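Breakdown of the fold
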Amino acid sequence: VNTASECGYTPQYAKLQKLYQTYKSKGLVIIGVPSNDFANQEPGTNKDIAKFCEINYGVTFPLTSKYIVSGGNAHPFYVWAASKLGSKAAPKWSFHKYLINRHGKLVDYFNSNISPDDDKVVAEIEYFGLVQLGARQRQLQHRHRGGVITHDKRRRGAGWIAAQYRLRYRGD
């Protein structure tokens, strides 16, 4: 999720944190990527951003250092995401969200106006196996959606994901 502290969507931090609290024990990782790309809405330093998120929204999910997420100088992750899902999937504003499954496959994106607690977001998190579901939940999901979910037995945390996309955490 590319983020900004002075954006109209900034209250989404609270919903992202709630989603993280709900699913982190099942393997969900949320990574916030602060960016000043859109209307200079993230002017602070990495320390300022981390403090703002913790004090105002109780954020405990990982935040990276500030990065460029759009245009010709975009971080390689965002270039990769646009190459996989098409240019329409590139961030147009702050709080653009990508879903990556346990196997590193980019499965979907949500524009800024889609709340992290939107039913479609939550359903896709569960359907695409971004969280470890119990056997009964998988059976119900299989019947409901007609799909097969596979799960990687290893829990891959934020560090693994960040390493795959060469993201540096705040404080690095």
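In the block above lies the structure referred to throughout.
Because the structure is predicted, anything quoted here is derived from the model rather than measured.

Judged by nonpolar contacts, the single largest core of 21 residues is most densely connected at Y13, I30 and F61. Those elements that provide at least two residues to this core are helix 1 (12-23), helix 2 (46-57), strand 4 (106-110) and helix 4 (119-127). The contacts of Y13, once residues within four sequence positions are left out, are T3, A4, E42, F52, C53, Y57, V59, F61, L63 and F95. If you look at the next biggest cluster of nonpolar residues, it comprises 13 residues, including V33, Y67, V69 and Y98.

In this structure the tally under the stated criterion is 9 aromatic pairs. Seen from their ring centres, F38 and W93 are 5.6 Å apart, and the 35 degrees between their planes marks the pair as tilted. In this pair, F38 sits in the loop between strand 2 (33-34) and helix 2 while W93 sits in the loop between helix 3 (76-85) and strand 3 (97-100), placing the two residues 55 residues apart along the sequence. For F38, a relative accessible area of 9% gives the class buried. A relative accessible area of 31% places W93 in the partly exposed class.

Taking 1.5 Å of rise per residue, 12 residues should cover 16 Å, and helix 1 covers 16 Å from first to last C-alpha, within 8% of that figure. Within helix 1 the residues assigned to the buried category are Q12, Y13, L16, Q17, L19, Y20 and Y23. The arc that holds every buried residue of helix 1, seen down its axis, measures 160 degrees, which confines them to one face. Structurally, helix 1 contributes buried residues whose contacts are with strand 1 (2-3), helix 2, strand 3 and helix 4.

Procedures and definitions
- Residues numbered from 1 in each chain as written.
- Predicted model: local features only at pLDDT ≥ 70, side-chain atom pairs only at ≥ 80, totals over all residues.
- Heavy atoms only, no water.
- Core = buried A, V, L, I, M, F, W, Y, C linked by side-chain atoms within 4.5 Å.
- Buried < 20%, exposed > 50% of the residue type's maximum accessible area, 1.4 Å probe, protein only.
- Helix = DSSP H or I, 4+ residues; strand = E, 2+ residues; numbered from the N terminus.
- Contact = heavy atoms within 4.5 Å.
- Phe/Tyr/Trp six-rings, centres within 6.5 Å; stacked < 30°, edge-to-face > 60°.
- Expected span 1.5 Å × (residues − 1).
- Arc of directions from axis to C-beta.

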